[in-house]
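The primary structure of each chain is shown beneath.
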2 protein chains.
Amino acid sequence: MNLLLLSNSTNYGQTYMQHARAKVASFLGDQKEVLFIPYAGVTVTYNDYTAHVQNALAEFDITITGIHTLPSAVDAVKNAKAIAVGGGNTFQLLKTMYENNLISAIQDRVKAGVKFIGWSAGSNVAGPGIYTTNDMPIVEPPSFKSLGFLPYQINPHYTEEALENHGGETREARLMEFIQLNKTDVVCLPEGTWLETTNGATEFGGGSSFKVYRHPDQVFEVEADASSDFLSKG
Amino acid sequence: MNLLLLSNSTNYGQTYMQHARAKVASFLGDQKEVLFIPYAGVTVTYNDYTAHVQNALAEFDITITGIHTLPSAVDAVKNAKAIAVGGGNTFQLLKTMYENNLISAIQDRVKAGVKFIGWSAGSNVAGPGIYTTNDMPIVEPPSFKSLGFLPYQINPHYTEEALENHGGETREARLMEFIQLNKTDVVCLPEGTWLETTNGATEFGGGSSFKVYRHPDQVFEVEADASSDFLSKG
C-alpha cells in the first residue's frame, strides 16, 4: 500500500497545506490526477472545499476532482488513479462513506496500489476505527470501523497542551482511557507531521519524534529515524 | 421530572464537587440515599470512584451506594430513591448502561419522580443523545441515543477558549457543525454551572448566562433569570 497520512491541513499561521504541498507532490510523483473525497466538510460546501484543495496544489500541476461531481461514487473510486480524503468531522465523513458504499471500494483500490492521501479526519479513517478522533460525534455512523489500512490507530493534531483553568480531560487523559480499554496501539501525530507508507516501509516525517500509547498504560517516544521498524511490525 | 445536571465535578483549583456540594444536598432534600452509577470511570475503579463521591457528600449525611455492589443493576435502579451518574467517558458510560439494560429502567424511575443527578458525562446522557459530548469515542455503544429527559442537548465543560498555535477545531466550530446537521438545540454549560428541573420548571444556576446553539447557524446568550421560559418550552 501507498499511504500519506498528514496530521493536519494547516499549520498555525500558515496557508492551507503550505507545510505539506511539496510532500504531497513528491508522494504522488507522476500521478497528477486525484479523486478528492470532501465528505468530512460540514460548514463548507463540497464545491468550495474541492476548489480550496485544488488551489493549494495547483502549482504542482495536480488536478483535483471532487467525488460529488461524478455520477457514481463507487465507480469514481474504482477508476481513481489516486485518492485523497480531507479533514473536517470524522463521524460525518465515515457516515457518508458508508452511505455511498465506499468502504470496500476504497479498500480494494488502495490494496491494489492506488495512492491514498489523508489529513486529519482523512487520516483517522485509515486506521482500524475512528476511536481516537478528536472530533465531536455530531452524527452516528453505522459502525466505528473504518478502512483498516494500518494495524494501529492515528491520533492527529496531537498535543500535550491543555486549556488553562479548565477541568476537561487533556488529550493524554483521553488516550490513556483508550489504551486502558483497547489493545490497539495509538500513533500520535503532532501538527506538521505525517506518516508515509510505500511498499511496506513506513516513515515518519515533518518532526523528530512521535509518541505511541500502548495497552494498558504505556506511553513512549519513538525517534523519527527509528520509526520504520516500529511501524512496520504491526 | 427532577433533574440536577452539572457541567463538571471539579472547578479548577477546587476539591472534588466543592462548588456543587451544597447544591446537590439542597436538591436531594430529605432524600439521603443515592444509587451511584460509576460506569463512566475508565482509569479509576468503581469502588474508588464511589468512595470519592461518598467522601465529597459525607458532610450532608448523604449515603452513596455503587450500583456495581448490588446483585442486579436493573433491580437496583427499580428500587433507587435517587440516582446519580458520574462523569468520565460518555461512550463507555452509555455502552455500559446498555449492557446492563439500564436505559428504560432509569427512564421509568425518573419519569416517576425519582431525583436524577448527573455531572459531565452523566449530564450528557440526560439529553436525547450523546452527540455533543466532548469525549473521545474510545468504545462504540450500540446507539448514540441516551435517556432523553431533555428536548435539547447539553454541552458540558463549555468554553470559548482554544489552545494557542493549534489548528484543531474550537468548541464553537464543533457545535456549529452539530447545528448545521441537526435541529436539536444545544444548551452550553460553562464549568461551575448547572441546570435544575423540578416539576417542569427549569433553572440555570452557578452563572449569570449561558449560550444556546440552534439550527442551522444561530448562537445566542440567555440570561440566567430568563432561562426558565426558554428551557421549559422545548
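Details of the structure are given in the entry above.
On a predicted model such as this, the values are computed, not experimentally measured, just so you know.

Participant: In this structure, what is going on with the overall build of chain A? I would like to understand it.
Facilitator: Helix and strand content of chain A: eight helices and 11 strands. For chain A, the C-alpha radius of gyration of 17 Å lies close to 17 Å, the compact-globule estimate for 234 residues. C-alpha atoms of chain A, sized along the principal axes, occupy 45 × 40 × 35 Å. In chain A, which comprises 234 residues, the share counted as buried stands at 58%. Sequence separation of at least 24 residues holds for 69% of the intrachain contacts in chain A that already meet a minimum separation of 6. The centroid of the 16 positive side-chain charges in chain A is displaced by 7 Å from the centroid of its 25 negative side-chain charges.

Participant: How do you make sense of the pattern of salt bridges when you look at a structure like this?
Facilitator: One side chain can pair with another of opposite charge once the charged atoms of both are near each other. All names here are of chain B. Tallied over the full model, the rule gives 14 salt bridges over all chains. In this structure, Lys 95 and Glu 99 form a salt bridge, with 3.0 Å as the shortest nitrogen-oxygen distance. Taken as a pair, Lys 95 and Glu 99 lie in helix H4 (residues 90-99) at a separation of four residues, close to a single helical turn. Given a relative accessible area of 25%, Lys 95 falls into the partly exposed group.

Participant: How should I be thinking about the sheet that holds strand S6 (residues 153-158) of chain A in this particular structure?
Facilitator: Pairing between the strands of a sheet is mediated by backbone hydrogen bonds and can be parallel or antiparallel. Residue and element names in this part refer to chain A. In space, the four strands of this open sheet follow the order S6-S7-S10-S11, with mixed pairing throughout. In the strand order of this sheet, the two ends are held by S6 and strand S11 (218-223), each with one partner. On average, each strand axis in the sheet is tilted by 25° relative to the strand beside it, whichever way the strands run. The sheet contact formed by strand S7 (residues 186-190) and strand S10 (residues 209-214) spans three bridges and is antiparallel. Among the inter-strand pairings, Val 186 is bridged to a residue of S10, identified as Tyr 213.

Participant: Is there a simple way to think about a negative patch on the surface in this case?
Facilitator: There is a patch of like negative charges on the surface, built from A:Glu161, A:Glu164, B:Glu161 and B:Glu164. Within the secondary structure layout, B:Glu164 lies in the loop between strand S6 (153-158) and helix H7 (171-181).

Participant: So what exactly am I meant to see when it comes to the sheet that holds strand S1 (residues 2-6) of chain A here?
Facilitator: Residues and elements named next belong to chain A. With respect to topology, seven strands assemble into an open sheet ordered S3-S2-S4-S5-S1-S8-S9, the strand pairing being mixed. Each of the sheet's edge strands pairs with one partner strand only, and the pair in question is strand S3 (63-66) and strand S9 (201-205). With strand direction ignored, the average angle separating the axes of adjacent strands in the sheet is 20°. Sheet topology note: the strand S4 (residues 82-85)/strand S5 (residues 115-119) ladder contains four bridges and is parallel. By the bridge assignment for S5, Val 85 is matched with Gly 118.

Basis of the calculations
- Residues numbered from 1 in each chain as written.
- Chains lettered and ligands numbered in written order.
- Predicted model: local features only at pLDDT ≥ 70, side-chain atom pairs only at ≥ 80, totals over all residues.
- Heavy atoms only, no water.
- Helix = DSSP H or I, 4+ residues; strand = E, 2+ residues; numbered from the N terminus.
- Rg over C-alpha atoms; globule rule 2.2 N^0.38 Å.
- Buried < 20%, exposed > 50% of the residue type's maximum accessible area, 1.4 Å probe, protein only.
- Contact = heavy atoms within 4.5 Å.
- Lys, Arg positive; Asp, Glu negative; His and termini not counted.
- Charge placed at Lys NZ, Arg CZ, Asp CG, Glu CD.
- Salt bridge = Lys/Arg side-chain N within 4 Å of Asp/Glu carboxyl O.
- Pairing = 2+ DSSP bridges.
- Axes fitted to C-alpha atoms, helices over the stretch in contact; angles between N-to-C directions.
- Patch = residues over 30% accessible without salt bridge, like charges linked within 9 Å, V, L, I, M, F, W, Y side chains within 5 Å.
- Areas by Shrake-Rupley, 256 points an atom, 1.4 Å probe, with all protein chains shown as cover.

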